[in-house]
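If you want the building blocks of each chain, they are given just below.
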Amino acid sequence: LIKPEDPDEGILIELKYSKTFDGLEKACERAMEQIKSRRYDTELRDDGRNVILAYGIAFCKKRCKVVVEKL
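Residues numbered from 1 in each chain as written. Predicted model: local features only at pLDDT ≥ 70, side-chain atom pairs only at ≥ 80, totals over all residues. Heavy atoms only, no water.

A. Molecular detail of the nonpolar core. Counting residues in hydrophobic clusters, the biggest one holds six residues: Leu12, Met32, Ile35, Leu44, Ile52 and Ala54. Those elements that provide at least two residues to this core are helix H1 (24-37) and strand E2 (51-60). Setting aside its immediate chain neighbours within four residues, isoleucine 35 contacts Leu12, Glu14, Tyr40, Ala54, Tyr55 and Leu71. Among the nonpolar cores identified, the runner-up in size contains five residues, and Ala27, Cys28, Ala58 and Cys60 belong to it. (Core = buried A, V, L, I, M, F, W, Y, C linked by side-chain atoms within 4.5 Å. Buried < 20%, exposed > 50% of the residue type's maximum accessible area, 1.4 Å probe, protein only. Helix = DSSP H or I, 4+ residues; strand = E, 2+ residues; numbered from the N terminus. Contact = heavy atoms within 4.5 Å.)

Set out below in structure tokens:
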């Protein structure tokens, strides 16, 4: 959870690990599902922040995949 100086913006980041390179996409999807199902954006919205970016980041060894979505 990141609260930038701009009082309208907020950033959520969820990290996942994948044992295989082929699993990176699925791990990113799981990260985004977790952000939504656990309502991580609630604290930011309660703080008056409405422009929220959610990042699902998956790692496998030295590679990573990033998915971003505006909530």
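B. Representation of the pairing of E2. As paired elements, strand E1 (residues 9-17) and E2 share nine bridges and run parallel to each other. Note that in E2 the partner of leucine 15 across the bridge is isoleucine 57. In terms of strand pairing, E2 meets strand E3 (residues 63-70) through eight bridges, oriented antiparallel. Bridging across to E3, tyrosine 55 finds its partner in valine 68. (Pairing = 2+ DSSP bridges.)

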